[in-house]
Amino acid sequence: MRLGFLGTGEIAAAMLRGLKGQGHDIRVSPRNAEMARILAAEMPGVRIAPNEEVVAGSEVVFLCLLARVAWEVLPGLPFRADHKVISVMVDAPLARLRAVCAPAADIAIAIPLPPIAQGGCPLPVYPASPVLETLYGARNPVLPQPSEAALAAHLGVSAICAPILDQLLAAADWLAGFTGDPRAAEAHVAAMIRAYLPQRAQGGDMAAALAGLSTEGGLNATLRAAMRGARDDLRRGLDGFRDRLGLPEGGA
Ligand SMILES: NC(=O)C1=CN([C@@H]2O[C@H](COP(=O)(O)OP(=O)(O)OC[C@H]3O[C@@H](n4cnc5c(N)ncnc54)[C@H](OP(=O)(O)O)[C@@H]3O)[C@@H](O)[C@H]2O)C=CC1
Ligand SMILES: O=C(O)[C@@H]1CCC=N1
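Rules and cut-offs
Residues numbered from 1 in each chain as written. Chains lettered and ligands numbered in written order. Predicted model: local features only at pLDDT ≥ 70, side-chain atom pairs only at ≥ 80, totals over all residues. Heavy atoms only, no water. Axes fitted to C-alpha atoms, helices over the stretch in contact; angles between N-to-C directions. Helix = DSSP H or I, 4+ residues; strand = E, 2+ residues; numbered from the N terminus. Parallel < 35°, antiparallel > 145°, perpendicular 65-115°, else oblique. Left-handed = near helix turned anticlockwise from the far one by under 90°. Contact = heavy atoms within 4.5 Å. Nonpolar A, V, L, I, M, F, W, Y, C, P; charged D, E, K, R; others polar. Near = heavy atom within 4 Å. Areas by Shrake-Rupley, 256 points an atom, 1.4 Å probe, with all protein chains shown as cover. Phe/Tyr/Trp six-rings, centres within 6.5 Å; stacked < 30°, edge-to-face > 60°. Buried < 20%, exposed > 50% of the residue type's maximum accessible area, 1.4 Å probe, protein only. Pairing = 2+ DSSP bridges. Polar contact = N/O pair within 3.5 Å; in protein donor to acceptor, adjacent residues only side chain to side chain. Arc of directions from axis to C-beta. Domains from an automatic or database assignment.

- In the nomenclature of an unreviewed UniProt entry, the protein is known as Pyrroline-5-carboxylate reductase of Rubellimicrobium thermophilum DSM 16684.

Structure follows, in structure tokens:
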């Protein structure tokens, strides 16, 4: 398939690496120049081309720009009615994407995360996108959403990755302070938490795991109580995205 990526940053690089071995003909935009060079050298079939050529030469165009850049750049590009466009951008609702990508109308928003490079990354999308399924579905669970609001809520919850990783790193750092082995400490924390996150988590698994860690006076119960404020902070932070993500009142 002929694929184009506009914006060759963190998420585009991960998405490209997630396509390795599929034999696509891929054009990437020249910015970020260093990343574009690395990817073109790393992956057969990837070439660097001006934005206009990325769009003109592709059947599927991935929008991996910052939204504020996209609003300036996209209106001048040669979109066609037969293009399939997949945006992964935050702050880019469908109505505005349709306006700047016209006459292209087959537009979906997806939420990849950097682990898509290896696979196993849940991939919410709205509206359903057969081409996204074709490209990524074999290695990642593609999750079509029933509405743009549901997609936006998934976008919001994706923000927990950084604060949770930050907590895990703080724990590993604390452990390494006693063991003197930061690598082993990080590996241990990762393995311990991974053991609680089965490949196919069922509703209720997390609550059951938490119940199993609630021994009265135990270390887990003690630290959880001491960190109750962090739970409230997380909830408040997510609620703070409502306007930005266009989420309806009510909901949660
Ligand atoms: N990082 C993530 O995990 C995820 C990010 N996203 C979304 O993806 C989008 C990109 O994020 P991310 O990859 O992290 O950001 P980056 O800043 O890493 O990538 C954006 C890229 O766009 C390039 N760029 C700037 N101007 C132009 C232009 N005129 N034409 C072509 N390319 C240009 C930048 O190049 P230069 O460096 O030269 O300025 C940069 O490499 C954002 O909208 C973000 O919300 C979505 C899901 C996950
Ligand atoms: O943090 C962000 O804005 C992007 C969106 C989803 C994950 N990362």
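### Comments concerning the packing of helix H8 (residues 161-179) against helix H9 (residues 182-194)
- Where H8 contacts H9, the axes come no closer than 8 Å and their chain directions differ by 130 degrees. When the axis of H8 is compared with that of H9, the two are oblique. Pair H8 / H9 crosses with right-handed handedness. Mapping the contact onto sequence places Leu168, Leu169, Ala171, Ala172, Leu175 and Ala176 in H8 and Pro182, Ala185, Glu186, His188, Val189 and Ile193 in H9.
- Among the residues making up the contact of H8 with H9, the classes are represented as 10 nonpolar, one polar and one charged.

### Examining the site of ligand 2
- Ligand 2 sits among Val90, Leu113 and Ser158.
- Out of a free accessible area of 240 Å², ligand 2 has 50% covered by protein chains.

### Observations concerning the packing of aromatic side chains
- Taken as a whole and assessed by the stated rule, the structure comprises three aromatic pairs.
- Where Phe5 meets Phe62, the ring centres are 4.6 Å apart and the plane angle is 15 degrees; that geometry is what we call stacked. Remark: Phe62 occurs in strand E4 (residues 60-63) and Phe5 occurs in strand E1 (residues 2-6); sequence separation between them is 57 residues. Of the two residues, Phe5 and Phe62, both sit in the buried class.
- Put simply, the rings of Phe5, Phe62 and Tyr136 pair up and form one aromatic cluster.

### A closer look at the sheet that holds strand E2 (residues 25-28)
- Strand order in the open sheet formed by eight strands is E3-E2-E1-E4-E5-E6-E7-E8, and the pairing between neighbours is mixed. Each of the sheet's edge strands pairs with one partner strand only, and the pair in question is strand E3 (46-48) and strand E8 (142-144). Ignoring strand direction, the axes of neighbouring strands in this sheet form an average angle of 25 degrees.
- The strands touched by helix H1 (residues 10-17) within the sheet are E1, E2, E3 and E4, with E1 carrying the most contacts at an inclination of about 160 degrees.
- Contacts from helix H5 (residues 94-101) reach E4, strand E5 (84-87), strand E6 (106-110) and strand E7 (123-126), with the element oriented near 135 degrees to E6.

### As for the site of ligand 1
- Taken together, 19 residues lie near ligand 1, and Glu10, Ile11, Arg31, Asn51 and Leu65 sit nearest.
- At 3.2 Å, a backbone N or O of Asn32 approaches an oxygen atom of ligand 1.
- Calculation on ligand 1 without its partners gives an accessible area of 880 Å², and the protein chains cover 73% of this total.
- Mapped onto the shell around ligand 1, the elements with two or more residues apiece are H1 and helix H4 (67-73).
- Class assignment for the residues of the shell around ligand 1 results in 11 nonpolar, six polar and two charged.

### Describing H5
- Three or more residues of H5 are buried, namely Leu94, Leu97, Val100 and Cys101. For H5, the arc enclosing every buried residue in end-on projection is 130 degrees, short of the 170-degree limit, so these residues lie on one face. In H5, the exposed residues that point more than 90 degrees away from the buried face are Ala95 and Ala99.
- Each element contacted by the buried residues of H5 is listed here: E4, H4, E5, E6, E7 and helix H7 (148-157).

### Remarks on the domain arrangement of the protein
- According to the domain assignment, the protein consists of domain 1 (2-145) and domain 2 (160-245).
- For domain 1 and domain 2, the distance between their C-alpha centres works out to 32 Å.

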